[in-house]
Amino acid sequence: MAPSESRPSAPASATVGPDSAQASATVGPDSAQASAKAGRDSAQASRAATVTANPAFAVGPVRRETFGAFVEHLGRCVYTGIYEPGHPTSDEAGWRGDVLELTRELGVSTVRYPGGNFVSGYRWEDGVGPKAERPVRLDLAWHSTETNQVGLDDFVDWSRKAGVEPMMAVNLGTRGVQEAIDVLEYSNLPGGTALSDLRRKNGAEEPHNITFWCLGNEMDGPWQIGHKTAQEYGRIAAETARAMRMIAGDTLRLVACGSSNGRMPTFGEWERTVLSEAYDDVDYISAHHYFENAGVLEDHLAAGAVMDQFIRDIVAHIDHVKSVRKSSKDVHISFDEWNVWHINSPRTPIPSGTDWPEAPALLEDLYTVADAVVVGDLLITLLRHTDRVHSASLAQLVNVIAPIMTAPGGAAWKQTTFHPFALTSAHARGEVLQLAVESPSFASPLHGEVPALSAVATHDRETGAVTLFAVNRSTTEPLRLDADLSAFAGLRVVEALTFANEDPLWHATEQDSTSVLPSPLEGVAYDGGWLTAELSPVSWTMIRLA
Ligand code: AHR
């Protein structure tokens, strides 16, 4: 059920008496009264969106798994990213301390590994045992040389140090059921079998107890090594899942590959066919989607609306199969690759010919403030679908289309996209509320009329905290936000931060990653249960009330 449709009119017309002035809370130097008045004055000058929240209407819990990321053997994500022996901050295992610290600050929950396209040609055995004896291989996916100096046991060690949960992918491109059950035996059995004893011999006495497993990667994509038809993949995914469950039963959370993006010609039919084969055997179907600024900022800022529709479509395909099978079981979405990716950028091209470099700089996108606003919007969208999206991974974590950048031997720094992710991860708590939103629209040449406001709110029943996350997608117009929070007792604003810049195309560099940061949003007023704020064009905002 949706929150009440009949809302009081926006507070622009309300009179402020001494009582309501007392009840007001403001952020910034202004007094409550002055701030509330400023809000209303500017309100009259700009377009407005109205949001109504009620604690009785929740979509579902805020899931920690929504804040996952991804580490692939790709470019400098692993080598000179998370791993760089000899770096001044590295520990005895070679993990960069500065990157570990930033990973913790980012608030990442699960980290998917080791790919990506890489996994479809990967032999997991190459990455375990004494480092000096590990083979050097060609990585066909990224036309690079893989030294295998980091592998399964190492990544689990890094995950423990980073305080994240590993989410492993098995190779269903060049390999199949046997290798999947082998790597599971190696990882999770306490000992007493050939492969679990090999792990112990390799120094990992305790089992890794990895429960989250992806059954291959993007198997619908012609670029994938071992690309399959939906029928072929659905079959091998089901067989692999059943064999893995023979070892570890329902302790496992298994993800079948969905479509590589919503534009794939097979999208929909792929989900239907794969789930027809594997519905009873898997817990999730994956979704991947990247968004780029192809030159028209309005189109880029509509990314949240595009993701929203993609999720709704996947839900329809899942529910179709569920209905046809007369099943009572639900399959959820693992949105395990999402981000902005300027895929056509010539900055860091993939090597070719006889050039097979080790850890080349690949996909090293520089993210603008507008990209960060899009990332914040995408995270809002994922949260809004918390009833069906049970897991998600920002792709990727370091250097490769990443919120964290490093210089080999040098510094690590935050890209713009770091900020909305870290703040949302830190402050989205409790339940995601179902908001009633009325918003003006803005025109995207590619996507048509799109709501200017994207918003979500979370409510922590234990502490009473309500946090509102909002994006103004308009490139030209400020947007007044009027939020009816009168259903919550005794709230006051404790923090209001916004991320925007006069030049939305500003991006961080190694030399300057701090001159544009989230900053206090002035003029936020809370008055008689109504919150009023002015959102700049191309901005992401978080308002915390307690
Ligand atoms: O994240 C980069 C690549 O994008 C991944 O390897 C692949 O799964 C996707 O196409």
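Q: Can you help me understand the domain arrangement of the chain in this one?
A: When the parts of a complex come together, some accessible area is lost, and that lost area is often used as the size of the interface. Considered domain by domain, the chain is made up of domain 1 (6-60 + 431-545) and domain 2 (63-427). At the interface, 41 residues of domain 1 touch 35 residues of domain 2. Both faces combined, the contact of domain 1 with domain 2 buries some 3,200 Å², and carbon together with sulfur accounts for 73% of it. Taken together, the connections running from domain 1 to domain 2 amount to 1 salt bridge. Linking Asp377 and Arg473 is a salt bridge whose minimum nitrogen-to-oxygen distance equals 2.7 Å. Connecting domain 1 to domain 2 are 12 residue pairs in polar contact (both at pLDDT 80 or more). Of all the secondary structure elements, the ones that give two or more residues to the side of domain 1 that touches domain 2 are strand S3 (58-61), strand S18 (441-444), strand S20 (453-459), strand S21 (466-472), strand S23 (493-499) and strand S27 (539-545). Here the residues of the side of domain 1 that touches domain 2 are counted per class, giving 25 nonpolar, 12 polar and 4 charged.

Q: I tried to follow unusual backbone geometry on my own but got confused; where do I start?
A: Most peptide bonds take the trans form, and the phi angle of most residues other than glycine is negative. Cis geometry is found at the peptide bond from Gly115 to Gly116, where omega equals 15 degrees. One can find Gly116 in the loop between strand S5 (110-113) and strand S6 (137-139). In the Ramachandran plot, Thr80 falls in the positive-phi region, its phi being about 70 degrees despite a non-glycine side chain. Here Thr80 shows up in the loop between strand S4 (68-70) and helix H3 (97-106). Accessibility expressed as a relative area gives 18% for Thr80, which makes it buried.

Q: In this structure, what is going on with empty space enclosed by the protein? I would like to understand it.
A: Under the counting rule described, the total for this entry stands at 3 cavities of 30 Å³ or more. Approximately 130 Å³ is the volume found for the largest cavity. Lining the largest cavity are 16 residues, with Tyr122, Trp124, Ala169, Val170 and Val183 sitting closest to its centre. Those elements that provide at least two residues to the lining of the largest cavity are strand S8 (165-170) and helix H5 (177-188). Considered class by class, the residues forming the lining of the largest cavity number 12 nonpolar, 2 polar and 2 charged. Of the voids in this model, the second largest cavity is the one considered here, and its volume is about 80 Å³. Residue lining of the second largest cavity: His73, Leu74, Gly75, Val78, Tyr79, Asp139, Ser144, Thr145, Glu146, Ala359 and Pro360, and that is the complete set. Looking at the lining of the second largest cavity, the element that brings in the most residues is strand S7 (residues 144-146), giving 3 residues.

Q: Before we go on, may I ask you to explain the packing of helix H10 (residues 303-324) against helix H11 (residues 369-384) in this structure?
A: Geometrically, a packed helix pair is captured by the angle between its two axes and the distance between the axes. Where H10 meets H11, the axes come as close as 8 Å, and the angle between the chain directions of the two elements is 25 degrees. Classified by the interaxial angle, the pair formed by H10 and H11 is roughly parallel. Where H10 crosses over H11, the handedness of that crossing is right-handed. Contact residues: H10 offers Ala303, Gly304, Met307, Asp308 and Ile311, while H11 offers Val374, Asp377, Leu378, Thr381, Leu382 and Arg384. The class makeup of the residues in the contact of H10 with H11 is 6 nonpolar, 2 polar and 3 charged.

Q: Which parts of the structure should I look at to understand the pattern of salt bridges?
A: Under the defined criterion, the tally for this structure stands at 32 salt bridges. Arg96 is the partner of Asp98 in a salt bridge, and the nearest nitrogen-oxygen pair spans 2.8 Å. Accessibility assignment for this pair places Asp98 and Arg96 in one class, buried. Residues Asp281 and Arg242 are paired through a salt bridge, measuring 2.9 Å at the closest nitrogen-oxygen approach. Separated by 39 residues along the polypeptide, Asp281 in the loop between helix H8 (269-278) and strand S11 (284-291) and Arg242 in helix H7 (residues 230-248) bring together distant segments of the chain. Among the charged side chains, a salt-bridge network with shared partners connects Asp91, Glu92, Asp157 and Lys161.

Q: Could you clarify how one ought to interpret the site of the ligand in this entry?
A: Taken together, 13 residues lie near the ligand, and Glu72, Asn117, Glu218, Tyr290 and Glu337 sit nearest. In the model, an oxygen atom of the ligand is placed 2.7 Å from a nitrogen or oxygen of the Glu218 side chain. Tyr290 has a polar side-chain atom sitting 2.7 Å from an oxygen atom of the ligand. Coverage of the ligand by the protein amounts to 96% of the 280 Å² it exposes when considered alone. In terms of residue class, the shell around the ligand is made up of 6 nonpolar, 4 polar and 3 charged.

Q: Hey, could you run me through the sheet that holds strand S10 (residues 253-256) in this one?
A: Strand-to-strand pairing in sheets goes through backbone hydrogen bonds, with the strands running parallel or antiparallel. Taken in spatial order, the 8 strands line up as S4-S5-S8-S9-S10-S11-S12-S13 and close into a barrel, and their pairing is parallel. The mean inter-strand angle of the sheet, taken between neighbouring strand axes irrespective of direction, is 30 degrees. Alignment of S5 against S8, held across 4 bridges, turns out to be parallel. Bridged to Thr110 within S8 is Glu165.

The rules behind these values
Residues numbered from 1 in each chain as written. Predicted model: local features only at pLDDT ≥ 70, side-chain atom pairs only at ≥ 80, totals over all residues. Heavy atoms only, no water. Domains from an automatic or database assignment. Contact = heavy atoms within 4.5 Å. Buried area = accessible area lost by both parts, 1.4 Å probe. Salt bridge = Lys/Arg side-chain N within 4 Å of Asp/Glu carboxyl O. Polar contact = N/O pair within 3.5 Å; in protein donor to acceptor, adjacent residues only side chain to side chain. Helix = DSSP H or I, 4+ residues; strand = E, 2+ residues; numbered from the N terminus. Nonpolar A, V, L, I, M, F, W, Y, C, P; charged D, E, K, R; others polar. Buried < 20%, exposed > 50% of the residue type's maximum accessible area, 1.4 Å probe, protein only. 1 Å grid on protein atoms, 1.4 Å probe; cavity = no way out; pocket = protein on both sides within 12 Å on 5 of 7 lines; lining within 4 Å. Points joined across faces, edges and corners; volume = space filled by probe spheres on them. Axes fitted to C-alpha atoms, helices over the stretch in contact; angles between N-to-C directions. Parallel < 35°, antiparallel > 145°, perpendicular 65-115°, else oblique. Left-handed = near helix turned anticlockwise from the far one by under 90°. Near = heavy atom within 4 Å. Areas by Shrake-Rupley, 256 points an atom, 1.4 Å probe, with all protein chains shown as cover. Pairing = 2+ DSSP bridges.

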